[in-house]
Amino acid sequence: MKHRLSTFLFFFLALAFATVQAQVKQISLSRVDEMADLPQPLQIIDWQQMSKNFDRTIYDFKAKGQYWPMVWMENNNNNFKQPAMGMYTAVGDVRQGLQHHKGMFHEALANMGAILGASLVGIDKSNQNGMNFTGMLKNYFNRDTKWDIMMNNTAPEVALLGGGYGRDWWYDVYPNVLFYAIYEKYPKQKDFDWIAKSIAEKFYKADSILNGNYNYSYFDYGQMKPMKNQICLQQDVAAGHAWVLYAAYQKFGDKRYLKGAISAMNALESNPINPTYELLMPFGAYLAARMNVEQGTNFDVHKLLGWTFDGTAVCREGWGVLTGKWNGYDISGIVGSTVDHEGYGFLMNTFDMAWPMVPLVKYQPAYANAIGKWMLNAVNASRLFYPQYMPKEHQTIPEFAAITKGVIAYEGIAKSSTFDTLYKNLKAPVAQGDGPKWVPGKNPAVSQFSVYGSGHVGIFGSIVAKTNVEGILKLDVLATDFYKNKAYPTYLIYNPYQENKVINYKIKGKKPVDLYDAIAQKFIAKNVTEKRNIAIPKNGSVLIVETVAGSKLSKGKNGLLANGIVIDYNQVK
C-alpha cells in the first residue's frame with residue numbers, strides 16, 4: 001500500500017508540474033517540407049556497424065590489395081617530436097603515402113574525423129593495438145608556424161596541397177572544432193589541456209580583433225590579422241569560433257570565452273545575407289538554441305536554420321540541403337550545392353551536419369519534427385554514396401567497387417556528372433567524386449572514393465538506431481552534444497507515417513526509469529525496466545528523457561528538473 005501511495009503521489013506531482021500549455025508547438029522548415037514524408041526506396045543500413053567496419057578495415061597497416069593500406073606512419077616530427085599517422089584523403093591520391101613529400105601530406109579532416117567517429121561508437125583510439133592514434137593528432141597543432149591552433153596539415157611544405165593555410169578560412173577553423181570534440185572524449189590525453197587553451201585564446205583574441213566584422217577570406221592566427229584573397233568572404237566562420245569558445249567556457253569556466261562566443265554569434269546573426277560557406281552554419285544554429293536556454297540570449301534560431309537548409313547562400317552560391325526525387329530515388333537531406341549541375345551533395349557534409357542538428361532539439365523541441373524528418377531523409381539517402389548500395393548504372397566506376405572493401409564511399413552524389421566529358425551517359429543520381437580533378441591526368445579514377453568523408457561515419461553510427469517499425473528512427477540526442485551539462489539519456493523519435501504508430505522502446509540502462517516526453521511535456525510511462533510500447537503521433541515526434549524512476553521534480557530558471565537535472569527547458573519557473 002505504501003508503494004502505491006508513493007507512486008500515486010509522484011504522478012500527482014508530475015501532473016502538477018506540467019504547464020497548462022498544449023504540447024510544444026512544432027515549427028516547420030520550408031526546405032524540409034519539400035522532402036518526402038517516407039523516402040523511397042527506403043533502406044536504413046546499420047550505421048554503427050559501418051562505423052566499426054571502417055575503423056577495423058582502414059587502420060590495418062598490413063592490408064592487402066591494390067591501393068592498400070590506407071594508412072602509414074611518418075617521422076617528420078612536425079610540431080611535436082613523435083611519429084604521426086597518415087591517412088589517404090582519397091583512394092590512390094598520388095600526392096600521398098610514405099613515398100611522396102616524405103609522407104608528410106595527410107589531412108586533419110581525415111585523421112580527426114576518423115578518430116572522432118570511432119570514439120563516438122565506443123572505440124578507444126588512445127590505446128588500439130598498442131598505438132595512441134589520439135595522441136598523434138598533436139602533430140596538427142601548428143606551433144612551428146606560431147599559429148598555435150589545429151590546422152588541416154602538419155607543415156607549410158605540404159599545406160597548399162590540401163585545404164587551409166591562409167587560403168580558405170573554414171579549413172583552418174574546423175580542425176579545432178573536431179579537436180575540441182575529441183578532447184571531450186579524451187580529457188586526460190597528454191598536452192590536450194594546454195593545446196585546448198591555446199586554441200581558445202587564439203579564437204578569443206581573433207574575435208576581439210574582428211570586432212563583429214567577419215568579412216574576410218581567412219585569418220592569419222600567427223600575425224593575428226584578418227586577410228582577403230580570391231576566396232569567398234567567410235562570415236559563417238563566426239559559428240566555428242563561437243562553438244569552440246563556448247566549449248572552452250564549459251570546460252574551463254573562463255567567462256572571457258563566453259563573452260567571445262556571444263560576440264561571435266552576434267557577428268554571425270548580423271549578416272544581411274546568408275553567409276553559409278561550407279560546414280559551420282549548423283553549429284551556429286545549434287549554439288543559438290543552446291545559449292538561449294542556458295545563457296538567456298535571444299538569438300534567432302529560425303533564421304540560422306533557414307541559412308543552414310535553404311540553399312540561399314550568396315557567395316558560395318546555393319550551398320545548403322538538397323531535396324528532390326531523381327529518377328525514382330529520393331535524395332533529399334544530403335548537404336552540398338543545390339545549383340552545381342542542378343545538385344551535388346557530399347557525404348562528409350551530410351554526416352557532419354547531423355552532429356549539431358540532432359542535439360539542437362534538446363534545447364528547442366519545437367524543431368523536433370523538422371529535424372526528425374530531415375534526418376530520416378538524410379540517413380536513407382546517405383547509403384547511396386556507398387557502391388554496394390547504389391545501383392551500378394548510377395555509379396561512375398562500379399568496376400572498382402571491390403577496392404573500397406565495403407567501407408569507403410564515393411565523395412558525392414550529383415544530378416549529372418560534374419566532369420567535363422566523362423560519365424555523361426549516366427542518369428541521376430550519379431555517385432562520383434572530385435579526386436581526379438585535384439591532380440588532373442595523374443590521380444586515378446578510384447580517387448573518387450573518399451576516405452576522408454567516409455571516416456566521419458561514426459557521427460551517424462553514434463546517433464542513428466532503428467526501431468521495430470521500418471522508417472521510424474531512434475536518434476540519440478546526447479551523442480554529439482559536447483560539453484553539455486548533466487543530462488539523462490534523451491532520444492528523438494519521429495513518425496513519418498500518416499497514422500499513429502506504436503514502437504517497442506528499449507531503455508539505455510538496466511535500472512528502472514520513468515519516461516518523460518519533452519514535446520508532450522508529461523511523463524508517459526513509469527518504472528520501465530527493459531522496454532515499453534509507446535505511441536508516436538502521426539507525422540509527429542516524441543522526445544524521450546529517461547529519468548531515474550521516482551525522481552524529485554522541481555522547477556528552476558532553466559526549466560523542469562528531475563533530481564536537479566534539466567529535463568525540459570520549456571518549463572521555467
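These numbers were taken from a predicted model, which means no experiment stands behind them. (Residues numbered from 1 in each chain as written. Predicted model: local features only at pLDDT ≥ 70, side-chain atom pairs only at ≥ 80, totals over all residues. Heavy atoms only, no water.)

Applying the stated criterion to the full structure yields 16 salt bridges. Among the ionic pairs, Lys 138 bridges to Asp 191, the shortest N-O distance being 2.6 Å. In this pair, Lys 138 is assigned in the loop between helix H4 (108–120) and helix H5 (169–185) and Asp 191 in the loop between H5 and helix H6 (192–210), connecting sequence segments 53 residues apart. A relative accessible area of 6% places Lys 138 in the buried class. For Asp 191, a relative accessible area of 18% puts it in the buried group. (Salt bridge = Lys/Arg side-chain N within 4 Å of Asp/Glu carboxyl O. Helix = DSSP H or I, 4+ residues; strand = E, 2+ residues; numbered from the N terminus. Buried < 20%, exposed > 50% of the residue type's maximum accessible area, 1.4 Å probe, protein only.)

So, on to unusual backbone geometry. Omega for the peptide link from Gln 40 to Pro 41 comes to -15°, which places this bond in the cis form. Along the polypeptide, Pro 41 turns up in the loop between helix H2 (30–33) and helix H3 (47–58). For His 101, which is not glycine, the phi dihedral falls at a positive 50°. Residue position: His 101 is located in the loop between strand S2 (84–87) and H4. One non-glycine residue, Tyr 483, lies in the positive phi region at around 55°.

Moving on, we get to the state of the cysteines. All told, the structure shown has one disulfide when counted by the stated rule. Each sulfur in the disulfide pair Cys 232 and Cys 315 lies 1.9 Å from the other. With the S-S dihedral at roughly -100°, the linkage between Cys 232 and Cys 315 falls on the left-handed side. Of this pair, Cys 232 sits in the loop between strand S4 (225–227) and helix H7 (237–252) while Cys 315 sits in the loop between helix H10 (301–309) and strand S5 (319–321), and the two are 83 residues apart along the sequence. (Disulfide = S-S within 2.5 Å.)

It is worth spelling out the sheet that holds S5 at this point. Spatially, the five strands line up as an open sheet ordered S5-S8-S9-S11-S12, and their pairing is antiparallel. Both edges of this open sheet fall to S5 and strand S12 (430–432), since each of them pairs with a single strand only. Within the sheet, the average angular offset between the axes of one strand and its neighbour, ignoring direction, is 30°. Bridge analysis of S5 against strand S8 (residues 335–337) gives three bridges, and the strand direction is antiparallel. (Pairing = 2+ DSSP bridges. Axes fitted to C-alpha atoms, helices over the stretch in contact; angles between N-to-C directions.)

Turning our attention to the pairing of strand S18 (residues 513–517). Counting buried positions along S18 gives five out of five residues, so the element sits mostly inside the fold. Burial along S18 is two-sided: Val 513, Leu 515 and Asp 517 and Asp 514 and Tyr 516, pointing in opposite directions, are all buried. For S18 and strand S19 (residues 522–528), the ladder comprises four bridges, and the chain directions are antiparallel. Of the residues in S19, the one forming a bridge with Asp 517 is Lys 522. Relative to strand S21 (residues 541–548), S18 is paired through five bridges, and the arrangement is antiparallel. Opposite Leu 515, over in S21, you have Glu 546 as the bridge partner.

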